[in-house]
Amino acid sequence: MTKRRPPADLRRAAEARLGRPAPRSDGDADVQRIVHELRVHQIELEMQNEELRGARAEVESALARYTELFDFAPIGYFRVLGDGRIRELNFAGARLLGAPRGQIVGRPFRDFVSEHDRATFDRFLSAVLTRDDHDAPGAVAEFVLAAASPPTVRVRVTATLLDGQSPSALLAAEDVTARREAEEALREEGRRREEFLATLSHELRNPLAPIRNGLVLLQRVPPGGEAARSALCVIDRQVTHLTRIVEDLLDVTRIARGKIRLQRERLELATQVLRALEDHRPAFDAAGVRLECAVGREPCWIDADASRIAQVLGNLLGNALKFTNAGGRVEVVVRREPDRAVVVVRDTGVGVAPDALERIFEPFSQAPQTLDRTRGGLGLGLTLVRGLVDLHGGSITAASPGPGQGTAFFVALPLASAPRTSRPAHEVTLGRRRRVLVIDDNVDAATTLKDVLELGGHEVRVAFDGPGGLATAHEFRPEIVICDIGLPGMDGYDVARELRRSADAAAWLVAMSGYAAPDDLDRARAAGFDRHVAKPATLEGLEALFAEAPVPQGASS
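What counts and how
- Residues numbered from 1 in each chain as written.
- Predicted model: local features only at pLDDT ≥ 70, side-chain atom pairs only at ≥ 80, totals over all residues.
- Heavy atoms only, no water.
- Helix = DSSP H or I, 4+ residues; strand = E, 2+ residues; numbered from the N terminus.
- Buried < 20%, exposed > 50% of the residue type's maximum accessible area, 1.4 Å probe, protein only.
- Contact = heavy atoms within 4.5 Å.
- Areas by Shrake-Rupley, 256 points an atom, 1.4 Å probe, with all protein chains shown as cover.
- Pairing = 2+ DSSP bridges.
- Axes fitted to C-alpha atoms, helices over the stretch in contact; angles between N-to-C directions.
- Phe/Tyr/Trp six-rings, centres within 6.5 Å; stacked < 30°, edge-to-face > 60°.
- Lys NZ or Arg CZ within 6 Å of the ring centre and 35° of its normal.
- Parallel < 35°, antiparallel > 145°, perpendicular 65-115°, else oblique.
- Left-handed = near helix turned anticlockwise from the far one by under 90°.
- Nonpolar A, V, L, I, M, F, W, Y, C, P; charged D, E, K, R; others polar.
- Core = buried A, V, L, I, M, F, W, Y, C linked by side-chain atoms within 4.5 Å.

**A look at the overall build of the protein**
Looking only at helices and strands, the protein features 15 helices and 17 strands. For the protein, the proportion of its 557 residues judged to be buried stands at 38%. Across the protein, the fraction of contacts at a sequence separation of at least 24, relative to all contacts at a separation of at least 6, is 62%. Carbon and sulfur atoms provide 53% of the accessible area of the protein, an area that totals close to 31800 Å².

Following this line, the structure appears as structure tokens:
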């Protein structure tokens, strides 16, 4: 802002502008001196007027800048009088209150506060307006506004006492609705993660007890007896359950990281559904739950990964069985729509509350569980289903009238054209005796796998490291080599490359590893492996792999 000059400086500037000095004080010169003084004073007045006009222009410019900053500030500003009425507000403030500025000025601010928060707001504003110290830090509080649009907004209000004869306050209101919702979402996610970890601990520990008990029984009862067979069945069921838990965890992680690659082929969806129903029917019969199916006449061809579609159907059927009591019913419907195939899995089970239905596909999410967790699980099954359906370009939705009224899941997949010719059935040779080399540094894993394969009639040798495996392969000349990847020193990839470069290159190589992401499969193929198997492998799965392995010329069955 223009600064006013001291009188002496103003006098010198006026005389400089006049251009001649004051006459000497003698005789006739007194009149000239008076005239000179009048002219100098006139110039001083003109210069003061110029300074005043400049100062006024600066004040008007500053006021315009202030008004612009006030009106277009990103947060809401309100000047509130002592009686609580709004005297001024900016555009952001009007948006927060959901009305034009002209309809807001003069109204009490409390009218725009939710009824639940009005008493708190009154105390807050009164405390600010009755302050004695204008320089005190602004008071801060949060309120919910009850404007016409949007319905409710949470604001963080900072109030400052303004100078003046009558009390008034400046309220700065910041919309924190999204921030508070995000914070609440993070808290909810953290809570669900904690619940998930507790559930995971429970789900992993539960199978360990019967497995350990079964092992104790096997050590103490006669081999081959009824008690031994029962213990083996228990161990098998529990190991299968543990394997499923681990696979679900890995699959959800792979989907989240984009590490699942689909092995697509042309499939008839109704056929896949009927196979899944037959696989799961014994479990439904044992639980006393009726399993029904309705399939349309038109075929529903899809371009999909058969194993992943089976996983989707299996998880939906397992979910329906888990939440349906004995005497209930689960219905599966397959229908063709103009551009998609739809599978509906509908049960008469416990149903889902509306608030839980909104997050039923989110990771770690489950309906409230009782302590015994009879409806237990990790809360990953439906997350996995949604991820796999999304990978196929489809969608899944859920509907439930409410608790106790059942639930329905709708899976929609894009239709594909029918194949021109039927694919010939894959011919396999089952039961052929094979020479197998197992290379694994885990002695227990290697020896038990050897025992299992020998029960299937195969001739098996074992090595516990890479160099030992190469030496055994050179001596034994195996048809099939099952090699662990994580070997110390010389890993499984190096073993495969050495075998491919040696005279034993004809052996069929199977990589066995706990890592089964697409990158792991690609690396195994690049090293020379013919197939990749994720741990733990089943005897049935290995026999199917053996059936694919080429038979050496001259070998007998």
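**Some thoughts on the sheet that holds strand E10 (residues 340–347)**
The strand order E7-E9-E10-E12-E11 describes an open sheet built from five strands, whose pairing is mixed. The open sheet is flanked by strand E7 (290–295) and strand E11 (395–399), the only strands paired with a single partner. Direction aside, neighbouring strands of the sheet carry axes that sit 15° apart on average. One ladder, built from eight bridges, connects E10 with strand E12 (residues 407–414); its direction is antiparallel. Bridging across to E12, Val343 finds its partner in Val411.

**Brief notes about the pairing of strand E1 (residues 76–81)**
The sheet contact formed by E1 and strand E5 (residues 168–175) spans six bridges and is antiparallel. Along E5, the bridge assignment pairs Val80 with Ala169. Taken together, the three bridges between E1 and strand E2 (residues 86–89) define a ladder with antiparallel strand orientation. Counterpart to Phe78 in the pairing with E2 is Leu89.

**A word on the environment of Trp508**
Looking at the element boundaries, Trp508 is found in strand E16 (residues 508–513). Linking Trp508 and Pro478, residues 30 residues apart in sequence, is a C-alpha distance of 8.4 Å. Residues in contact with Trp508, not counting those within four places in the same chain, are Glu479, Ile480, Val481, Asp530, Arg531, Leu545, Glu548, Ala549 and Pro550.

**Quick look at the packing of aromatic side chains**
Scanning all chains against the criterion turns up five aromatic pairs. Taken together, a centroid distance of 5.1 Å and an interplanar angle of 20° make the contact between Phe109 and Phe121 stacked. Linking Phe109 in the loop between helix H3 (91–97) and helix H4 (118–129) with Phe121 in helix H4, this pair joins segments that are 12 residues apart in sequence. An identical accessibility class is assigned to Phe109 and Phe121; each is buried. An aromatic cluster is built from Phe78, Phe109, Phe121, Phe124 and Phe143, whose rings are joined through pairwise contacts. Looking at Arg101, its charged tip hangs above the ring of Phe91, at a distance of 4.0 Å from the centre.

**As for unusual backbone geometry**
If you check the backbone angles, Arg477 has positive phi at about 50° while not being a glycine. Examined against the element boundaries, Arg477 turns out to sit in the loop between helix H12 (466–476) and strand E15 (480–484).

**Describing the sheet that holds E5**
Spatial strand order, E2-E1-E5-E4-E3: five strands in an open sheet with antiparallel pairing. In this open sheet, the two strands that pair with only one neighbour each are E2 and strand E3 (139–145). Strand-to-strand, the axes of this sheet are offset by a mean angle of 30°, without reference to chain direction. Sheet strands touched by H4: E1, E3, strand E4 (153–161) and E5. Its angle to E3, the strand with the most contacts, is close to 150°.

**Concerning the packing of helix H11 (residues 443–455) against helix H15 (residues 539–548)**
Direction vectors running N to C along H11 and H15 enclose 65°, while the axes themselves pass 11 Å from each other. When the axes of H11 and H15 are compared, the pair comes out roughly perpendicular. In the crossing of H11 with H15, the sense of the turn from one axis to the other is right-handed. Of the residues in H15, those touching H11 at Leu449, Val452 and Leu453 are Leu539, Leu542 and Phe546. When its residues are assigned to classes, the contact of H11 with H15 shows six nonpolar, no polar and no charged.

**Some details on the nonpolar core**
Generally speaking, nonpolar side chains in soluble globular proteins are found buried as a group. With 47 residues, the main nonpolar core has Leu269, Val273, Ile302, Leu316, Val332, Val343 and Phe409 as its most contacted residues. Tallying contributions element by element places helix H8 (residues 306–322) first for this core, with eight residues. Other than its neighbours up to four places away in sequence, Leu316 contacts Val345, Leu382, Val385, Ile396, Phe409 and Val411. Counting 29 residues, the second largest nonpolar core, distinct from the first, contains Leu96, Phe124, Val128 and Leu171.

**A word on the pairing of strand E9 (residues 329–337)**
Two faces make up the sheet, and in a regular strand the side chains alternate between them. Alignment of E7 against E9, held across six bridges, turns out to be parallel. Looking at the pairing, Glu292 lines up with Glu331 of E9. Pairing of E9 with E10, which is carried by eight bridges, proceeds in the antiparallel orientation. The residue of E10 that forms the bridge with Arg336 is Ala341. Counting the residues between successive antiparallel strands, the hairpin from E9 to E10 contains two residues.

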